[in-house]
Amino acid sequence: MSELSIFRAYDVRGIYGSTINENICRKIGAAFGHFINNDTKHDTSTVYIARDVRLSSESLQKSFVEGVLTQGKNIIDLGVIPLTAAAFYAWKNQKYLAYITASHMPKEWNGIKFFTPEGIGFSEPSNNEIKKIY
């Protein structure tokens, strides 16, 4: 299975240790940071990051952050927080958000959901653009 298969229409998801790992998350973080550089409407200097309680979320988040930092971004770590609370906080502050989760998938899965400063989850074209940069 190709690494690119983890890029879905509205998020990134894979089985931890198999199709998604720290190295892949680091590269996705760099691609995400590069992608938001093209936004001329918002301040993209700072990105919010948060995660769910999955056992692999903390290490994937750390690696994702390492990738984002290579693009010259600042990070505000919201820690373990419900997705809706993180999205609301990012929206209120008009910042991009990356949230480490596989949502309703089984525990061996993990992934990333991206949100715009307007609090809207990334669309399929935006996720496809991150995939192309990756």
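Before reading further, recall that the structure is shown in the block above.
Residue numbers restart at each chain and count upward from 1, following the sequence in its written direction. Reporting in this predicted model follows two pLDDT cut-offs: at least 70 for local features of residues, and 80 or more for side-chain atom pairs to be given and counted; totals over whole chains, interfaces and linings ignore these cut-offs and use all residues. The side-chain numbers reported here are obtained from all heavy atoms of the structure, hydrogens and water having been left aside.

Digging into the overall build of the protein chain
Reasoning step 1: Where helices and strands are cited, they refer to DSSP runs of H or I of at least four residues and of E of at least two residues respectively, numbered from the N terminus. Across its full length, the protein chain carries four helices and five strands.
Reasoning step 2: Within these notes, the globule rule equals 2.2 Å times the number of residues to the 0.38 power, and the radius of gyration is based on C-alpha atoms. For 134 residues, the compact-globule formula gives about 14 Å, and the C-alpha radius of gyration of the protein chain, at 13 Å, lands near that figure.
Reasoning step 3: By its C-alpha atoms, the protein chain is 35 × 30 × 25 Å across when sized along the principal axes.
Reasoning step 4: Among the 134 residues that make up the protein chain, the fraction classed as buried is 47%.
Reasoning step 5: Under the convention used here, a 1.4 Å probe and the Shrake-Rupley method define accessible areas, while residue burial counts only the protein chains that appear. For the protein chain, the exposed surface amounts to about 6600 Å²; the carbon and sulfur share of it is 55%.
Reasoning step 6: Counted as positive: Lys and Arg. Counted as negative: Asp and Glu, with His and the chain ends omitted from the count. To locate a charge, take NZ of a lysine, CZ of an arginine, CG of an aspartate or CD of a glutamate. Side-chain charges in the protein chain split into 15 positive and 13 negative, and the spacing between the mean points of these groups amounts to 1 Å. Using a 1.4 Å probe on the protein chains alone, a residue whose accessible area is under 20% of its type maximum counts as buried, one over 50% counts as exposed, and one in between counts as partly exposed.

Overview of the pattern of salt bridges
Reasoning step 1: One side-chain nitrogen of Lys or Arg within 4 Å of one carboxyl oxygen of Asp or Glu is enough to make a salt bridge. In this structure the tally under the stated criterion is six salt bridges.
Reasoning step 2: Close ionic contact of R54 with D52 constitutes a salt bridge, the shortest N to O distance being 3.0 Å.
Reasoning step 3: Of the charged contacts in the structure, one is a salt bridge between E66 and K62, with a shortest N-O distance of 4.0 Å. Placement of both E66 and K62 in helix α2 (residues 57-69) is noted, with a separation of four residues, approximately one turn of the helix.
Reasoning step 4: A relative accessible area of 31% means that E66 is categorised as partly exposed.
Reasoning step 5: Salt bridges sharing common partners tie together D11, R13 and K113.

Some words on the packing of helix α1 (residues 22-36) against α2
Reasoning step 1: Where helices are involved, their axes are fitted lines through C-alpha atoms of the stretch in contact, as for all axes, and angles between N-to-C directions lie from 0 to 180°. Packing of α1 against α2 brings their axes to within 6 Å, and their N-to-C directions diverge by 40°. Viewed along their axes, α1 and α2 adopt a mutual orientation that is oblique. Helix-helix and strand crossings are classified by hand; for α1 and α2 the assignment is right-handed. Together, E22, C25, R26, I28, G29, A30 and F32 of α1 and S59, L60, S63, F64, E66, G67 and V68 of α2 make up the contact between the two elements.
Reasoning step 2: Here the contact of α1 with α2 is composed, by residue class, of seven nonpolar, four polar and three charged. Roughly parallel means an angle under 35 degrees; roughly antiparallel, over 145; roughly perpendicular, 65 to 115; everything else is oblique. Handedness of a crossing follows from how the near helix is turned relative to the far one, being left-handed for an anticlockwise turn of less than a right angle and right-handed for a clockwise one. Note on definitions: a residue-residue contact is assigned when non-hydrogen atoms from the two residues lie within 4.5 Å. For this scheme, ten residues count as nonpolar: Ala, Val, Leu, Ile, Met, Phe, Trp, Tyr, Cys and Pro. Four count as charged, namely Asp, Glu, Lys and Arg, and the remainder, Gly too, count as polar.

Remarks on the side chain of K113
Reasoning step 1: Mapped onto the elements of the fold, K113 is located in strand β5 (residues 109-115).
Reasoning step 2: Residue classification places K113 among the buried residues on the basis of a relative accessible area of 16%.
Reasoning step 3: Sequence-distant contacts of K113, defined by excluding residues within four places in its chain, comprise D11, R13, L83, L97, A98, Y99, T101 and S103.

Side note on the packing of aromatic side chains
Reasoning step 1: Any pair of Phe, Tyr and Trp rings, taking the six-membered ring for Trp, is counted once the centres come within 6.5 Å. Such a pair is stacked with planes under 30 degrees apart, edge-to-face with planes over 60 apart, and tilted for the rest. Tallying each qualifying case throughout the model produces eleven aromatic pairs.
Reasoning step 2: Judged by centre distance (4.9 Å) and plane angle (15°), the ring pair of F32 and F114 falls under stacked. You can see F32 sitting in helix α1 and its partner F114 sitting in strand β5, a full 82 residues away along the chain. For the pair formed by F32 and F114, the shared burial category is buried.

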